[in-house]
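Summary of the model geometry
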Amino acid sequence: MNFRRLCFNTFACLSLICFIGSSLCYLSYKNDLAYLKSVIQSQIGKEHSPHLFAAINHWVYQNQGFRKNHDFFLFKSLGPTPIQVLERGGDCSDKSRLLMAMLDSIDVDSTLVMLYDADNKTPTHTTLEVRDKQLKAVADPVFDLVFPNPANGFYGLQDLRDNPAILPDRLDELIRLRGPSNKIAFYKREQESYQYATTINWNKNGFLRFIADGLKKAGIEPRNIRRPHFLDEPKLLISLMLLLTGSLLLMPVLMIGRKASVPAYTPGSARVMPEQPRHPLRG
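Residues numbered from 1 in each chain as written. Predicted model: local features only at pLDDT ≥ 70, side-chain atom pairs only at ≥ 80, totals over all residues. Heavy atoms only, no water.

**Some remarks on the overall build of the chain**
The condition that has to hold: For the purposes of this entry, the term helix denotes a DSSP run of H or I that reaches at least four residues, the term strand denotes a run of E that reaches at least two, and both are numbered from the N terminus. When checking whether two residues touch, look at their non-hydrogen atoms; a contact exists if any pair is within 4.5 Å. Per-residue and other accessible areas were derived by the Shrake-Rupley procedure at a 1.4 Å probe size, with only the shown protein chains allowed to occlude residues.
Of the regular secondary structure elements, the chain holds eight helices and four strands. If you list the helices and strands of the chain from N to C, you get α-α-α-α-β-β-β-β-α-α-α-α. Looking at the chain alone, contacts between residues at least 24 apart form 61% of all its contacts between residues at least 6 apart. Split by element, the accessible area of the chain, about 17200 Å² in all, is 58% carbon and sulfur.

Printed below as a string of structure tokens:
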């Protein structure tokens, strides 16, 4: 077996392994969504309504505890899957991840939202904003917190930024309803406000800051951009990474195969036409 054939087989096998792994991870991800949908249908409700997200938020709040979930899928840095949070609970980022996945399972779009301290640098809390058609509503599964708008519907992320009084007013209302011993009474109002809330941490590095500046110049508010779901879905993220890796590995396979199909030119390999016999009358 020559070197070219060895490279062709190696890259082809690695690419195939990546594609199979990607398919298995994606299938597992879809199965998880199907299971979460069955939980909603059996334990929360079967019909869509403007308040269904609030019912799911309340269910996630009551499900399991609030300690950080240290489970993971393949890589510890990716954190727990929504199913692992469902089974063992988690902190604000974990429960928001579960809430997002449950909403996704019934085709309700959403995005995670990160809150920051007064310095606009230290992340303090993670919540979620529902973005289903015309509905925009913030939901916090750690405090069973949503923000009904007396005029119509619910308050969204931009509303909470524009009117900082919405948060303390809602907290005071819920403390009166639930009592001073309820978890809501211990909400850190100063550190976990929505003044600097953003869907993506644009201050994480220079590259992200550069993109954020470009978006602002284009008239787009970067803090409102929907956070890609695959960043918070470990199985989906790994599936996409394997798909990309498999596609990159497939490129040298195609290049080697193309070169192998074209015969190489070597000096003296050109076809020599046989000499034509001379006409007897022309000498």
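**Some words on the packing of aromatic side chains**
The condition is simple: Centres within 6.5 Å are what make two rings of Phe, Tyr or Trp a pair, Trp counting through its six-membered ring; a difference in plane orientation under 30 degrees is then read as stacked, over 60 as edge-to-face, and the rest as tilted. Exposure is judged per residue with a 1.4 Å probe applied to protein chains only, and the accessible area is read against the type maximum: over 50% gives exposed, under 20% gives buried, and values in between give partly exposed.
According to the stated counting rule, one finds five aromatic pairs in the structure shown. With 5.8 Å between their ring centres and 45° between their planes, Tyr26 and Tyr29 make a pair best called tilted. Of the two residues, Tyr26 and Tyr29 are both situated in helix H1 (residues 3–44); the distance of three residues between them amounts to about one turn of the helix. Taking the relative accessible area as the measure of exposure, Tyr29 reaches 8% and is therefore buried. Both rings, one in Phe147 and one in Tyr194, keep their centres 6.1 Å apart while their planes meet at 85°; by these two values the pair is edge-to-face. One end of the pair, Phe147, is in the loop between strand E4 (145–146) and helix H5 (157–162); the other, Tyr194, is in the loop between helix H6 (166–178) and helix H7 (206–217), and 47 residues separate them in sequence. Classification of Tyr194 as buried rests on a relative accessible area of 2%.

**Structural notes on the packing of H1 against helix H4 (residues 92–105)**
Definition in use: Here, axes are lines fitted to C-alpha atoms. For helices the fit covers the stretch in contact, and angles between N-to-C directions go from 0 to 180 degrees. Just so you know how the angles are binned, under 35 degrees is roughly parallel, over 145 roughly antiparallel, 65 to 115 roughly perpendicular, and the rest oblique. When residue character is reported, Ala, Val, Leu, Ile, Met, Phe, Trp, Tyr, Cys and Pro are called nonpolar, Asp, Glu, Lys and Arg charged, and the others, Gly included, polar.
Closest axis-to-axis distance for the H1/H4 pair is 8 Å, and the angle between their directions is 85°. Put simply, H1 runs roughly perpendicular to H4. Where H1 approaches H4, its residues Tyr29, Leu33, Leu36, Lys37, Val39, Ile40 and Ile44 are matched on the opposing element by Leu98, Ala101, Met102, Asp104 and Ser105. For the contact of H1 with H4, the per-class residue count stands at nine nonpolar, one polar and two charged.

**Notes on the pairing of strand E1 (residues 110–116)**
The side chains of a regular strand alternate, first on one face of the sheet and then on the other. As a reminder, the rule being used: In this scheme, strands are said to pair when DSSP sees at least two bridges between them.
In terms of burial, E1 is largely enclosed, as seven of its seven residues are buried. The alternating pattern of E1 places Ser110, Leu112, Met114 and Tyr116 and Thr111, Val113 and Leu115 on opposite faces, both of which are buried. One ladder, built from seven bridges, connects E1 with strand E2 (residues 123–132); its direction is antiparallel. Looking across to E2, one finds that Tyr116 is bridged to Pro123. Hairpin connection from E1 to E2: six residues lie between these consecutive antiparallel strands, with Asn120 at a positive phi of about 60°.

**Overview of the sheet that holds E1**
The antiparallel open sheet is built from four strands, whose spatial order is E1-E2-E3-E4. Looking at which strands have only one partner, the edges of the open sheet turn out to be E1 and E4. Strand contacts of H4: E1, E2 and strand E3 (135–140), with the helix running at about 10° to E2, the strand carrying the most contacts.

**What to know about the environment of Leu74**
Relative to the helices and strands, Leu74 is located in the loop between helix H2 (52–62) and helix H3 (82–88). Taking the C-alpha atoms as reference, Leu74 lies 8.8 Å from Ile238; in sequence the two are 164 residues apart.

**Observations concerning H7**
Side chains of residues three or four places apart in an α-helix project in the same direction, reflecting 3.6 residues per turn. What counts here: One less than the number of residues in a helix, times 1.5 Å, gives the span that helix is expected to have. Polar contacts, as counted here, are pairs of nitrogen or oxygen atoms within 3.5 Å of one another; within protein the pair requires one atom able to donate a hydrogen and one able to accept it, and residues that are adjacent in sequence qualify only if both atoms are side-chain atoms.
The terminal C-alpha atoms of H7, which comprises 12 residues, lie 17 Å apart, in line with the 16 Å expected from a rise of 1.5 Å per residue. If you check the start of H7, you find a side-chain oxygen 3.2 Å away from the backbone N of Phe207, and it comes from Asn205. Just downstream of H7, Gly219 is the residue with a positive phi angle, here 85°.

**Quick notes on the environment of Pro141**
As for its position among the elements, Pro141 is in the loop between E3 and E4. The exposure class of Pro141 is buried, given its relative accessible area of 0%. Discounting chain neighbours no more than four positions away, the residues touching Pro141 are Asn57, Val60, Tyr61, Phe66, Lys95, Ser96 and Leu99.

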